[in-house]
Amino acid sequence: MKTLRTATNTSRREFLKSTAAGSAGLLLAFYLPASASTPGAPEQDFKPNAYIAIDSHGDIRLVVTRSEMGQGVRTALAMILAEELGADWSRVKIEQGDCDPQYGDMTTGGSMSIRSTWDPLRKAGASARDMLLTAAAQTWGVTREECSPTGDSVIEHKKTGRKLTYGQLAVKAASVPVPKDVPLKDPKDYRIVGTKRARVDGQHIVIGEAHYGIDTKVPGMLFAVVARPPVFGGKVKKFDATRALAVPGVRNVFEVPAVEMPPLFGEERKPDSGHEHYLWGGVAVVADSTWQAIAGRRALTIDWDNGPGAEESTEKQRATLTELLKTDGKELKKIGDPDATISSAAKTIEADYETPFLAHMTMEPVNSTASVHDGKCEVWAPTQNPNGMATALAGVLNLPQSALTIHITLIGGGFGRRLCIDYGVEAALISRSAAAPVKVIWTRDDDIRHDYYRPISHHRLRAGLDARGQVTSWLHHIAAPSTDSTFLGGEVPDTGGTEIAGTGLPSGTVPNYLLQQSFLHTAVPRGYWRAVDTNWNHFAVQCFIDEIAAATSKDPLALRRELIATKEKPAGGGDNEGETPVNVDRLLGVLNLVAEKSDWGKPLAAGRGRGIAGLYGFGSYVAHVAEVTVAKDGTLRVDRVVVAVDCGQVINPDLVAAQIEGGVVFGLTSALYDEITIQNGQVQQTNFDNYPMLRIADMPKVEVHLVPSHEPPGGIGEPGVPSTAPAVANAIFAATGKRLRRLPFQTQELAKS
Amino acid sequence: MDAISLTVNGQKHSVEVSPDTPLLWVLRDTLGLTGTKFGCGQSLCGACTVHVDGEATRSCTARIATVAGRSITTIEGLSSDGRHPVQQAWLSDQVPQCGYCQAGMIMTTAALLAKNSAPTDSDIDEALGGHICRCGTYLRIRRAVHQAAAKHSASEATAPLPAPAGAGGAR
């Protein structure tokens, strides 16, 4: 495996950020190599490129080069290929590609999978279809113009009614030169794209035969768990393995070094950046079964050097964040003269918001299996970031990338956790030390206590209004630890979901604007959590718009229409690198659609209320209306969430609906329940009892409405999340007149005294 | 370690493990039946649910010694052909996203329907209240339970959505 470091990699991280949403100009280098070399495949297979192979029986193999973690990417990417290929969907077989340079960047994140493959996969499919058509014309001795694909893996000669199947044409097509610039299908001719199709892996899931990373079986495989430092940045001082080694089945106990790891996405690390990206380190217990390894770990005695992180607590962090908001932070964007205009404003509105650290809590706990021997390393990993893992493995094991094989398994939930590469590197080090293939399983408390957390944040928003009630200045100050600095060091701003990141609100109507961030320095590692900084920044922004509406006696929807009633760029100019200026018509479109479908404006009974929020992010336009009931004792129930989505060309409407339904649940869980708290530098939560999830009885009705469109596809994995919490907060205000500005909601404040 | 006998999906097994070993790890590590999932280890999420003598049971906290001699059914053994009404309803409604929790959901639903052929929404809330789906498929789960109940009564299968015949690599 050769190195994947290319110029495009410097922008990979940016793609995971909402600021990079949807610019075709920055699409990843997703090139089409001449041919996939599948070992053992018959020579007569037609393999026009790395993604398609057709054998003489007509079986079509399509290779998917992104990670399946429930978003339906194996289905959707195959649908795109099959559409342009003109393939009979019922004869298609889908294969998961291993990490391989021929596929380019394989990162699955930032709601980018469809966006980054839409053009190249269509071209790959169309190019193959064109070669099959040429082969048919040659076979019949007719012109290409007289031949056409039927869409069922068949080329037809209409004049004579002759037909040849793709299987019959495979051998001949293999000798046809790869054409350039084949025209793509007109969307009106789509037969697969845009239709509801079942997930390709559904059957395996319901019969228990879908194989996740944790289900990996390798001959001679041992099982391991690791005791990791309870305090972030802590180290093993000494340990006693005597009792652990006495546990039946325990083979070996050894220290795992806290090795330094490279950044996640091939970025250049800045010198003297305070880079903190280290493997956790700890003590590994290797045994014949998972349970024996767990029992062995319980019998370990470890003396930890906790380091300075032990001084940290949520209480102290919150106090620091409050202090940070009192003095200016790093200026990220300034337009006009916000300080002067807010000082002279006829009316000012100010509000502070707060969000906590959050864990990913994927249902499949973190795990990886590795086999390191004879200068080679094979890893089976539920990973969203195989390229980053390969870079780290090569560096840490001191092996050339050609010595690495990374199998991308089915993933039991990713949500950004598996963009991190720690667990793959850890498994490889353990396999090397144990001199055997080893599956490293993280128990639930390992998983929640050694995550890369969605950052804690405080926000101060201020708006200045003129005498007519128009917003003339808008100031947003974020206090938070930098997400990216976990991997890169330094202070990298978190602007996703802010006014400047193209969420579309306010948009061009506010002439004076300031965004700044103050940075909390903490040993708690931060990472990418579904919708990334968009979900916490957007909570503050969307609630604040509602506060302005209330202060000016305007309807929250009407105020949003006012704030985006301009064709100009959003407040920040929308000119960040990679940022597409918001299309205000599409943003208005989803706001209007959600209002219509949710009966916006129709009166509700006392104690009930509706709230609205909407944004542009990840290439898509999404608006939510939440409907809630608040009982006199403060009990909150979310009854209904209506979502309008404009994600451009829909590949599979059922997958889009599922992602939005799931995004609502993800957003609600964070709004209602969850908070990672730190005491003595340690995460206090251990499992689902103290980090609860929304359950079936509390599931609101969710309605998803899609805007028909042939615009290029937008992302869909993340955009369902960010508007959920602010829509609910705004609904609570509508129901009670009380503002909940802190997540998770402190609903005791809603009880009527 | 004494040998412990148990019947799994109709097959008798004798395993030599420590008696405090949870059934989950015997199924997964000893017998290689990985369809039953590890989620929390404390009966908090339901991903590991199997049937013990027909009762939905959390295998992550059921010590092997307590199920000795009993009959265990896992997701792999729920039906011989993957066409149990609950499995069919799950496909028809396209319930799973990541799918990791769904074996547990399906096993609890199958046990529920065996006792209660027409569960109400509150019956469903009670039966599945101990399960977590992080992807948030609850709406579809509820629909699928009702559909499976209807099918269970009518004993006829509804055709699932079209999917490609071979999705071998998608496992």
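Structure first, text after, so check above.
The numbering scheme is per chain: residues are counted from 1 as the chain's sequence reads. Chain A is the first chain written and ligand 1 is the first ligand written, with later ones labelled in order. Where local features are concerned, this predicted model is filtered to residues with pLDDT of at least 70; where side-chain atom pairs are given and counted, the filter is 80 or more; whole-chain, interface and lining totals use all residues. Hydrogens and water are ignored here; the side-chain numbers use all heavy atoms of the structure.

## Thoughts on the overall build of chain A
Line of reasoning, step 1. Of regular secondary structure, chain A possesses 18 helices and 27 strands.
Line of reasoning, step 2. Within chain A, the fraction of its 753 residues that count as buried is 66%.
Line of reasoning, step 3. Residue contacts are counted whenever heavy atoms from the two residues lie within 4.5 Å of one another. Here the analysis covers contacts within chain A between residues at least 6 apart in sequence; of these, 78% occur between residues at least 24 apart.
Line of reasoning, step 4. Here chain A has roughly 25,000 Å² of accessible surface; of this, 50% comes from carbon and sulfur atoms. Working definition: helices are DSSP H or I runs of at least four residues, strands are E runs of at least two. Numbering for both runs from the N terminus. Partly exposed residues are those whose accessible area sits between 20% and 50% of the maximum for their type, while under 20% is buried and over 50% is exposed, using a 1.4 Å probe and protein chains only. Using a 1.4 Å probe, the Shrake-Rupley method yields the accessible areas, and only the shown protein chains count as cover for residues.

## Notes on the overall build of chain B
Line of reasoning, step 1. On a plain count of helices and strands, chain B comes out with 5 helices and 5 strands.
Line of reasoning, step 2. For chain B, the N- to C-terminal ordering of α and β elements is β-β-α-β-β-β-α-α-α-α.
Line of reasoning, step 3. Burial status across chain B gives 58% buried among its 171 residues.
Line of reasoning, step 4. A sequence separation of at least 24 residues applies to 58% of the contacts in chain B between residues at least 6 apart.

## With respect to the side chain of aspartate 215 of chain A
Line of reasoning, step 1. Relative to the helices and strands, aspartate 215 of chain A is located in the loop between α5 (202-206) and β8 (222-227).
Line of reasoning, step 2. Classification of aspartate 215 of chain A as buried rests on a relative accessible area of 5%.
Line of reasoning, step 3. For the purposes of these results, a polar contact is taken to be a pair of N or O atoms within 3.5 Å, where, inside protein, one atom must be able to donate a hydrogen and its partner to accept one; residues adjacent in sequence count only when each atom of the pair is a side-chain atom. In terms of polar contacts, aspartate 215 of chain A uses its side chain to reach the side chain of lysine 37 of chain B, at 2.4 Å.
Line of reasoning, step 4. With near-sequence residues (within four places) excluded, aspartate 215 of chain A lies in contact with Ala210 and Lys439 of chain A together with Arg28, Thr34 and Lys37 of chain B.

## Quick notes on the interface of chain A and chain B
Line of reasoning, step 1. The interface is formed by 73 residues belonging to chain A together with 60 residues belonging to chain B.
Line of reasoning, step 2. Buried area is a sum: the accessible area each of two parts loses on coming together, probed at 1.4 Å, counted once for each and added. Summed over both partners, the interface of chain A with chain B comes to about 5,700 Å²; 60% of that surface belongs to carbon and sulfur atoms.
Line of reasoning, step 3. Together, Trp291, Met363 and Ile696 of chain A form the three largest contributors to the area buried by chain A at its contact with chain B, with a combined 15%.
Line of reasoning, step 4. By salt bridge we mean one thing: a side-chain nitrogen of Lys or Arg within 4 Å of a carboxyl oxygen of Asp or Glu. At the junction of chain A with chain B, the criterion picks out 4 salt bridges.
Line of reasoning, step 5. One salt bridge connects aspartate 215 of chain A with lysine 37 of chain B, and the closest N-O pair in it is separated by 2.4 Å.
Line of reasoning, step 6. At the boundary of chain A and chain B, one finds 26 residue pairs in polar contact (both at pLDDT 80 or more).
Line of reasoning, step 7. When residues of the side of chain A that touches chain B are traced back to their parent elements, those giving at least two are β4 (92-96), α5, α7 (290-298), β18 (438-441), α17 (653-672) and β27 (701-706) of chain A.
Line of reasoning, step 8. The element that contributes the greatest number of residues to the side of chain A that touches chain B is α17 of chain A, accounting for 9 residues.
Line of reasoning, step 9. Classes in brief: Ala, Val, Leu, Ile, Met, Phe, Trp, Tyr, Cys and Pro nonpolar; Asp, Glu, Lys and Arg charged; the others, Gly included, polar. Taken together, the residues that form the side of chain A that touches chain B break down as 37 nonpolar, 18 polar and 18 charged.

## Focus on the sheet that holds strand β6 (residues 154-157) of chain A
Residues and elements named next belong to chain A.
Line of reasoning, step 1. What the 3 strands build is an open sheet, ordered β5-β6-β7; its pairing is antiparallel. Only two strands of the sheet have a single partner each, and these edge strands are β5 (147-149) and β7 (162-165). Within this sheet the neighbouring strands show an average axis-to-axis angle of 25°, counted without direction.
Line of reasoning, step 2. DSSP calls a pair of strands paired once it identifies at least 2 bridges connecting them. The pairing of β6 with β7 spans 4 bridges and is classified as antiparallel. Across the sheet, valine 154 pairs through a bridge with threonine 165, a residue of β7.
Line of reasoning, step 3. Axis geometry follows a simple rule: fit a line to the C-alpha atoms, using only the stretch in contact for helices, then measure angles between N-to-C directions, giving values from 0 to 180 degrees. Where helix α4 (residues 166-173) meets the sheet, its contacts fall on β5, β6 and β7, and the angle it forms with β7 comes to roughly 75°.

## Topic: α17 of chain A
Line of reasoning, step 1. Over its 20 residues, α17 of chain A extends 28 Å from the first C-alpha to the last, a length consistent with the 28 Å expected when each residue adds 1.5 Å.
Line of reasoning, step 2. Here α17 of chain A lies mainly inside the structure; 18 of its 20 residues are buried. Given a helix with a known number of residues, its expected span is that number minus one, times 1.5 Å.

## What to know about the pattern of salt bridges
Line of reasoning, step 1. One pass over the full model with this rule turns up 54 salt bridges over all chains.
Line of reasoning, step 2. Aspartate 639 of chain A is the partner of arginine 637 of chain A in a salt bridge, and the nearest nitrogen-oxygen pair spans 3.8 Å.
Line of reasoning, step 3. For arginine 637 of chain A, a relative accessible area of 36% gives the class partly exposed.
Line of reasoning, step 4. Look at aspartate 639 of chain A and you get partly exposed, because its relative accessible area is 21%.
Line of reasoning, step 5. For glutamate 661 of chain A, the salt bridge goes to arginine 140 of chain B, with nearest N and O atoms at 2.9 Å. Of this pair, glutamate 661 of chain A sits in helix α17 while arginine 140 of chain B sits in helix α5 (residues 138-154), which puts the two residues in different chains.
Line of reasoning, step 6. Salt bridges here are not isolated pairs; linked through shared partners, they connect Asp599, Lys602, Arg608, Arg610, Glu627, Arg637, Asp639, Arg640, Asp698, Lys701 and Glu703 of chain A.

## Observations regarding unusual backbone geometry
All names here are of chain A.
Line of reasoning, step 1. Backbone torsion omega between leucine 743 and proline 744 reads -10°, so that peptide bond is classified as cis.
Line of reasoning, step 2. Residue placement: proline 744 occurs in the segment after α18 (724-736).
Line of reasoning, step 3. Phi angles above zero are rare outside glycine, and aspartate 374 is one such case at about 50°.
Line of reasoning, step 4. Mapped onto the elements, aspartate 374 comes out in the loop between β15 (367-373) and β16 (376-381).

## Notes on the pairing of strand β3 (residues 60-64) of chain A
All names here are of chain A.
Line of reasoning, step 1. Burial analysis of β3 places 5 of its 5 residues in the buried class, the great majority of the element.
Line of reasoning, step 2. Residues Ile60, Leu62 and Val64 of β3 are buried on one face, and the alternating residues Arg61 and Val63, pointing to the opposite face, are buried as well.
Line of reasoning, step 3. Bridge analysis of strand β2 (residues 52-54) against β3 gives 3 bridges, and the strand direction is antiparallel. Residue pairing across strands places isoleucine 52 opposite leucine 62, the latter belonging to β3.
Line of reasoning, step 4. Handedness of a crossover is defined as follows: orient the strands so they point away from the viewer, and if the path from the first strand over the helix to the second runs clockwise, the crossover is right-handed. For the segment spanning β3, helix α2 (residues 73-85) and β4, crossover handedness is right-handed.

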